[in-house]
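Architecture at a glance
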Amino acid sequence: MSTTRRHTILGATAAGGALLLTACGGGTGADQAGGGGDDAEKATTITLMAAEYSKDNTKAFWDAFADEYKSTYGYTLDVNVVSWDNIDQQSSTMIQNNQPPDILNLNAYASYAKDGLLYDSDEVLPDEAKSDILPTFVQYGTYDGKFYGFPDLASARALFYNTSLFSKAGIANPPTTWEELEADAQKITDGGDVGYAMPLGPEESQGEFSMWLFNNGGDWKTDGSWAINSEQNVETLTFMKKLADEGVTQANPARTNRADAFDLFASGKAGMVVGFSPLAASLDEDGTVDYAVAPFPSNDGTESKTFGVTDYLMAFKKSGNQDAVKAFYELYYSKDQINTFIEKEGFLPVTQSGLEYFQKDDKLKVYLDTLPNARLTPTDDPTWDKIKLAVQQNLGSAMTGDPQETLDKLQQTAESEG
Amino acid sequence: MTTTGDVQAPSSGRATPGGPRPRRRRSTGIGRVSTPVALLWLAPAIALIVGVVLFPAVMLFRASRSEYSITGLYLGSAGWENYSKVLSYPDLPVVLKNTLVWVVAVVAFTIVISLALAQLLVKDFPGRRFVRWAVIVPWAASLVITSQLFVLLYDYNYGLVNHVLLGLHVIDTPISFLGDDRFTMASMVVVGVFVSLPFTTFVFIAGLNAIPTDVMEAAEVDGASPWQRWRRITLPLLRPAMLIATVLNTIYVFNSFPIIYTLNDRNPGFGHDTLITFMYKLAFKSQEKDVGMSAATGVINVLIILVVVLVYLKVVNWREETR
């Protein structure tokens, strides 16, 4: 009898435990629905969900910004800084619950615009701000003829190379063609180090691939239709696979994330890596690696194209918040605020006035010169938000499989989604 | 909650025939209270169960029958479509296989090693206190931190494990413990066992301490060998502890997220995912990015673990009855 009862209790505990644990795991989809602010009153408090670019600066900047916002306009700004690991999850949960933040800082916007959740520039962006934003970013921020994706900052990629490894291998100048890159990587590998650190892991493989394909005359989309498996792109991925097969990259490129590749370069074990200004900042702070920055080589030696990335500050339509949101953008795009933020975080400007302001910094010259012509991924297409994820999860499979097949599959996915 | 009813049913059914009327018993028995008073005392517990278990479960089920945009926006009802999409997902067989390997391997290794550890730790030896504390440490550390630590240990370029193996000339080139498909699952199982040991060991220590010494002494007097004493007395008397350790570990390991997510984050696709990380990736990392499908997977997970636990308990009961 006593054992039976113990089993009963155990069974109940087990069942409850299973339910509880699993319910928690999937709980993001299960929070309360409904609610929503239908009150027509003017909002005096708005919320910002901001991505954490750095532990030291992001929160400090937005807190100071909120003070300024309060004293200038009288509105209160609730600042919520969230790490990049969690921000997708948190914003998605808030939207499921019908309680989106007023302003969301994220690396995608088109799907939100497509769902009709966002204000466009005519509704909330002051004219001076709009005319100051670089035309490239306006173009990539425009969905269906309207400008929704207001850029907060940008970054552009370039080739970082370890100068001491280069001189050890007897290489005088950074490569300007892919052939040279391959030869240089081979020489460095012969010296016992990693020639070229190639991150094709799921963290950001679309970034690495973009840099390569833009410099082989390829693109993700041409003339409005998907061109993922174009001849140039297959050639590009085949070349990348060749580098991996020759062993001039680190072991297992398909399973190396960008952060790991950066670590490898920062430890002085890798000859080359595609990096951006925050990497430079952290290398300078450590001061252990001698490095220089050069434009990424193109396949045939023609002028290098850079891969640009921008994140967005988008505004959610909620009744009564329009004035406060407009005031937010007026303040953010004022020169003092936006340039301070970008300078502290070590990124690149997205405005004309910002370009002028940052001319003072010699180290940024290599990026700034290329920035107005930077190529971006097709962030203005909501389909890209899914393709990006498909690329992250699948591109690496080309390293052990067939590049043509990998890209064909991605092309199919894109066509069936779009 | 259906389980509670199922399991309780036979015992209450057994009590009624021929016994005294329940009502009279309740009014005259000592230590019995009226239903309203009982409910009053149970109210906090019931509220907790409703709020923390039932409500999320209902919401999870609702979400699994809804259609969501990639942004998380609710688009309307989806019927059973999310379920059919999950069940026909091309990677599902791999994920199920991984889940099975993961749960069975971690639980089995954990139980065997914990038994040995517990046997050692009930013996009196100098420094036992210290060793017992050392066993608890992995339990106290956050799973994410432990996992991250193992990522560093396993690292291809500067990991300690490769360093030692290279130094001892066991291998010539480093092993990519987390990137090489042959090693990934095994590397994760090691971590899973490592973090499950403390709890299980202490369950067994408690179980061993509860074994009456006179039984042992009697066996010794009767001339039973140490192995016989262990096999015939210790092991059967550890049965309740074994049951608890197995069931709780199974649920815990099945639902373990941080280890697999952290150690597997460099690997594309679903090649080494279990149902739990599969569920997370469906919602936030895969090209579907679909909360509805993820919720459907969540419901399926609950059903699987319930069935597994009930089947286990049933098998254990069945053996007891036929003995």
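Residues numbered from 1 in each chain as written. Chains lettered and ligands numbered in written order. Predicted model: local features only at pLDDT ≥ 70, side-chain atom pairs only at ≥ 80, totals over all residues. Heavy atoms only, no water.

The name given to chain B in an unreviewed UniProt entry is Sugar ABC transporter permease, and the organism recorded there is Phycicoccus endophyticus. Regarding chain B, the relevant UniProt record gives this comment under Subcellular location (unreviewed entry): "Cell membrane". For the record of chain B, the UniProt heading Sequence similarities (unreviewed entry) holds the text "Belongs to the binding-protein-dependent transport system permease family." (UniProt positions renumbered as here; feature names shortened; annotations may be inferred.)

The name given to chain A in an unreviewed UniProt entry is Sugar ABC transporter substrate-binding protein, with the source organism recorded as Phycicoccus endophyticus.

This next bit is on the overall build of chain A. For chain A, the count of helices and strands is 19 helices and 13 strands. Counting all 418 residues of chain A, 56% fall into the buried class. By sequence separation, contacts in chain A at least 24 residues apart represent 76% of the contacts at least 6 residues apart. (Helix = DSSP H or I, 4+ residues; strand = E, 2+ residues; numbered from the N terminus. Buried < 20%, exposed > 50% of the residue type's maximum accessible area, 1.4 Å probe, protein only. Contact = heavy atoms within 4.5 Å.)

Of the regular secondary structure elements, chain B holds 15 helices and two strands. Taken across its 323 residues, chain B has 41% of its residues classed as buried. Contacts spanning at least 24 positions in sequence make up 64% of the contacts within chain B whose residues lie at least 6 apart. Element-wise, carbon and sulfur atoms account for 67% of the exposed surface of chain B, whose accessible area totals about 18,000 Å². (Areas by Shrake-Rupley, 256 points an atom, 1.4 Å probe, with all protein chains shown as cover.)

Moving on to the side chain of Gln-393 of chain A. With respect to the helices, strands and loops of the structure, Gln-393 of chain A is situated in helix α18 (residues 382–394). Overall, Gln-393 of chain A belongs to the buried group, its relative accessible area being 13%. Among all residues touching Gln-393 of chain A, those that are not within four sequence positions of it are Pro-202 of chain A together with Pro-268, Gly-269 and Lys-285 of chain B.

Before going further, it helps to spend a moment on the UniProt feature "transmembrane region" (unreviewed entry) in chain B. All names here are of chain B. The positions UniProt marks with the feature "transmembrane region" (unreviewed entry) are residues 33–59, 100–121, 133–154, 183–206, 237–261 and 291–313. End C-alpha to end C-alpha, residues 237–261 measures 38 Å, and it is 84% helix and 0% strand. Helix makes up 100% of residues 291–313 and strand makes up 0%, while its end C-alpha atoms are separated by 33 Å.

What follows is about the environment of Val-107 of chain B. Residue and element names in this part refer to chain B. Within the secondary structure, Val-107 sits in helix α5 (residues 92–122). Separated by 85 residues in sequence, Val-107 and Gly-192 place their C-alpha atoms 8.8 Å apart. Excluding residues that lie within four positions of it along the chain, Val-107 makes contacts with Thr-246, Asn-249, Thr-250 and Val-253.

Residue and element names in this part refer to chain A. Membership of the largest hydrophobic core comes to 66 residues, with the highest contact counts inside it found for Trp-62, Phe-328, Tyr-329 and Tyr-332. Shared between two domains, this core holds at least three residues of each, these being domain 1 (45–155 + 309–373) and domain 2 (158–305 + 381–417). Residues within four places of Tyr-329 in sequence aside, it is in contact with Ile-103, Val-124, Leu-125, Pro-126, Phe-150, Leu-313, Met-314 and Ala-315. (Core = buried A, V, L, I, M, F, W, Y, C linked by side-chain atoms within 4.5 Å. Domains from an automatic or database assignment.)

Of the residues in chain B, 89% have a pLDDT of 70 or more, and the chain-wide mean is 87. Counting interchain partners and residues more than four positions distant, the pLDDT-below-50 stretch residues 1–27 of chain B has 13 contacts. (pLDDT = per-residue confidence, 0-100.)

Looking now at a nonpolar patch on the surface. Residues and elements named next belong to chain B. Taken together, Leu-39, Leu-42, Ile-46, Ile-49, Val-50 and Leu-54 make up a surface patch of nonpolar side chains, about 480 Å² in accessible area. By the element assignment, Leu-42 lies in helix α3 (residues 35–64). By relative accessible area, Leu-42 is classed as partly exposed at 46%. (Patch = residues over 30% accessible without salt bridge, like charges linked within 9 Å, V, L, I, M, F, W, Y side chains within 5 Å. Salt bridge = Lys/Arg side-chain N within 4 Å of Asp/Glu carboxyl O.)

Time to look at unusual backbone geometry. All names here are of chain A. Phi at Asn-98 takes a positive value of approximately 65°, unusual for a residue other than glycine. Along the polypeptide, Asn-98 turns up in the loop between α3 (84–96) and β3 (103–106). Assessed through its relative accessible area of 42%, Asn-98 is described here as partly exposed. In this structure, Asp-223 takes a positive phi of about 50° despite not being glycine. Along the chain, Asp-223 turns up in the loop between β9 (221–222) and β10 (225–226).

To continue, consider a negative patch on the surface. A cluster of acidic residues, Asp-122, Asp-127, Glu-128 and Glu-330 of chain A, forms a negative patch on the protein surface. Checked against the element boundaries, Glu-128 of chain A lands in helix α6 (residues 127–132). (Lys, Arg positive; Asp, Glu negative; His and termini not counted. Charge placed at Lys NZ, Arg CZ, Asp CG, Glu CD.)

Moving on: the pattern of salt bridges. All names here are of chain A. According to the stated counting rule, one finds 21 salt bridges over all chains in the structure shown. A salt bridge links Asp-381 to Lys-221; the nearest nitrogen and oxygen atoms lie 2.6 Å apart. Of this pair, Asp-381 sits in the loop between α17 (365–370) and α18 while Lys-221 sits in strand β9, and the two are 160 residues apart along the sequence. A relative accessible area of 12% places Asp-381 in the buried class. Taking relative accessible area as the criterion, Lys-221 reaches 22% and is therefore assigned partly exposed. Here the salt bridges do not stand alone but share partners, grouping Arg-157, Glu-204 and Arg-258 into one network.

Let us look at the sheet that holds strand β13 (residues 308–315) of chain A. All names here are of chain A. Strand order in the open sheet formed by five strands is β2-β1-β3-β13-β6, and the pairing between neighbours is mixed. One side of each edge strand has no neighbouring strand; the edge strands of this open sheet are β2 (76–82) and β6 (150–156). Across this sheet, the average inter-strand angle for adjacent strands is 15°, counted without regard to direction. Strand direction decides the pairing type here: β6 and β13, joined by six bridges, are antiparallel. Within β13, the residue paired with Ala-154 across the bridge is Thr-310. Across the sheet, helix α2 (residues 58–73) lies against β1 (45–51), β2 and β13, angled at about 170° from β2, the strand it touches most. (Pairing = 2+ DSSP bridges. Axes fitted to C-alpha atoms, helices over the stretch in contact; angles between N-to-C directions.)

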